[in-house]
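Residue strings, one per chain:
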Amino acid sequence: MSETKEQRVLQFVLQNAIRGDPKSVIDNIDKYCSQREWAMNVGDQKGLILDNVLKESNPNTVLELGTYCGYSTVRIARLLKPGARFLTVEFNPAFAAVAKQIIEFAGLKDKVQVIEGNTQDIIPQLKKKYEVDKLDFVFVDHWKDKYLPDTQLLEKCGLLAKGSVVLADNVITPGAPEFLKYVRTCGRYDCTNYPSFLEYMDERDALEKAVFRG
Ligand SMILES: O=c1[nH]cnc2c(O)cc(-c3ccc(F)cc3)cc12
Ligand SMILES: [Mg+2]
């Protein structure tokens, strides 16, 4: 069976990165996806913004919506303090399989729980099944049409508290206009826009930080 792009990214990492070294995993995914095949990783420019917003938040409990190959999962997990909890949700089983191997190769297997499934099914299970009380940091990077319904579901399930950070990728390209309008006008978030560029391209993109007011 012919391999997929995501499997080729995994092979490049396994053959070129240093086992147990998250930075070398990140750098090699960026190298492959900028020089050989574009892939929808958050990338190094937006990734640096993600790093900085995450460091400011210094979270105990993190949720990622959209694991893909695990690039941002590795970026986040490498910066978490000991004992922090990190759950990441991926709908596509083939993507989840690649991500688990990349996360393990980076030496971060014990810091992350990869959950395969639909975010709208998983989010309501976080409190009871996954023993989550509140989320300090949520990285939203899955399907653009799910940004708004999933954010509202997080609110409805009582998973956000005063100061919870919701950081969303791609609010320019491909764009998440309904999500942006909601977080900027509903009165429950303090929003900051971080202009940047689409991963590995010259097109404009941005991250949006929405801090829940509680
Ligand atoms: O679907 C996406 N999920 C998560 N992140 C994405 C991401 O960073 C970029 C894109 C994307 C951007 C431009 C384009 F021409 C085609 C796809 C999609 C996703
Ligand atoms: Mg993205």
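Residues numbered from 1 in each chain as written. Chains lettered and ligands numbered in written order. Predicted model: local features only at pLDDT ≥ 70, side-chain atom pairs only at ≥ 80, totals over all residues. Heavy atoms only, no water.

### Quick notes on the confidence of the model for the chain
Counting all residues, the mean pLDDT for the chain is 98, and 100% of those residues have values of 70 or more. Confidence metrics for the complex model read pTM 0.99 and ipTM 0.99. (pLDDT = per-residue confidence, 0-100.)

### Side note on the packing of aromatic side chains
Per the counting criterion, the structure on display carries five aromatic pairs. When the centroid spacing of 4.8 Å and the interplanar angle of 90° are considered together, the rings of Tyr68 and Phe95 count as edge-to-face. Of this pair, Tyr68 sits in the loop between β1 (61-65) and α4 (71-77) while Phe95 sits in helix α5 (residues 93-105), and the two are 27 residues apart along the sequence. Each member of the pair, Tyr68 as well as Phe95, is classed as buried. Centroid distance Tyr182 to Tyr189: 6.4 Å. Interplanar angle 65°. Geometry classified as edge-to-face. For Tyr182, a relative accessible area of 13% puts it in the buried group. (Phe/Tyr/Trp six-rings, centres within 6.5 Å; stacked < 30°, edge-to-face > 60°. Helix = DSSP H or I, 4+ residues; strand = E, 2+ residues; numbered from the N terminus. Buried < 20%, exposed > 50% of the residue type's maximum accessible area, 1.4 Å probe, protein only.)

### Concerning the environment of Gly214
Structurally, Gly214 can be placed in the segment after β7 (204-212). When near neighbours in sequence (up to four residues on either side) are disregarded, Gly214 contacts Ala161 and Lys162. (Contact = heavy atoms within 4.5 Å.)

### Section: the site of ligand 1
Taken together, the neighbourhood of ligand 1 is formed by Trp38, Met40, Asp141, His142, Trp143, Lys144, Asp169, Asn170, Thr173, Pro174, Leu198 and Glu199. Between Asn170 and ligand 1, the recorded distance is 2.7 Å, taken from a side-chain N or O atom to an oxygen atom. With respect to ligand 1, the side chain of Glu199 contributes an N or O atom lying 2.5 Å from an oxygen atom. The fraction of the free accessible surface of ligand 1 (420 Å²) that becomes covered by protein chains is 72%. (Near = heavy atom within 4 Å. Polar contact = N/O pair within 3.5 Å; in protein donor to acceptor, adjacent residues only side chain to side chain. Areas by Shrake-Rupley, 256 points an atom, 1.4 Å probe, with all protein chains shown as cover.)

### Concerning the environment of Asp21
Turning to its location among the elements, Asp21 is positioned in the loop between α1 (5-16) and α2 (22-35). Look at Asp21 and you get partly exposed, because its relative accessible area is 25%. As a C-alpha pair, Asp21 and Lys128 span 107 residues in sequence and 34 Å in three-dimensional space.

### So, the side chain of Glu208
Inspection of the secondary structure assignment puts Glu208 in strand β7. Separated by 2.8 Å, the side chains of Glu208 and Asn193 make a polar contact.

### A short note on the sheet that holds β7
In space, the seven strands of this open sheet follow the order β3-β2-β1-β4-β5-β7-β6, with mixed pairing throughout. Edge positions in the sheet fall to β3 (113-116) and β6 (189-197), since each of these pairs with one other strand and no more. Here the average twist between neighbouring strands, direction ignored, is 15°. Against the sheet, helix α3 (residues 43-57) touches β4 (135-140), β5 (160-168), β6 and β7, its axis set at about 150° to β6. (Pairing = 2+ DSSP bridges. Axes fitted to C-alpha atoms, helices over the stretch in contact; angles between N-to-C directions.)

### So, the nonpolar core
With 43 residues, the main nonpolar core has Val25, Ile29, Ile76, Ile102, Phe137 and Phe139 as its most contacted residues. Elements represented by at least two residues in this core include exactly α1, α2, α3, α4, α5, β4, β5 and β7. Here this core gets seven residues from one element, more than from any other, and that element is α5. Those residues in contact with Ile29, other than ones at most four positions away along the chain, are Val9, Val13, Asn41, Tyr71, Ile102 and Tyr200. (Core = buried A, V, L, I, M, F, W, Y, C linked by side-chain atoms within 4.5 Å.)

### Description of the UniProt feature "binding site: S-adenosyl-L-methionine" (unreviewed entry) in the chain
Under the UniProt annotation, "binding site: S-adenosyl-L-methionine" (unreviewed entry) lies at Val42, Ser72, Glu90, Gly117, Asn118, Thr119, Gln120 and Asp141. Summarising the element assignment, Val42 is placed in the loop between α2 and α3. Overall, the relative accessible area of 2% leaves Val42 in the buried class. Those residues within four positions of Val42 in sequence are excluded, and the remaining contacts are Gly47, Leu50, Tyr71, Ser72, Arg75, Phe139, Asp169 and Glu199. Looking at the secondary structure, you find Gly117 in the loop between β3 and α6 (119-122). Overall, the relative accessible area of 17% leaves Gly117 in the buried class. The residues contacting Gly117, other than those within four sequence positions of it, are Val89, Glu90, Phe91 and Ile122. (UniProt positions renumbered as here; feature names shortened; annotations may be inferred.)

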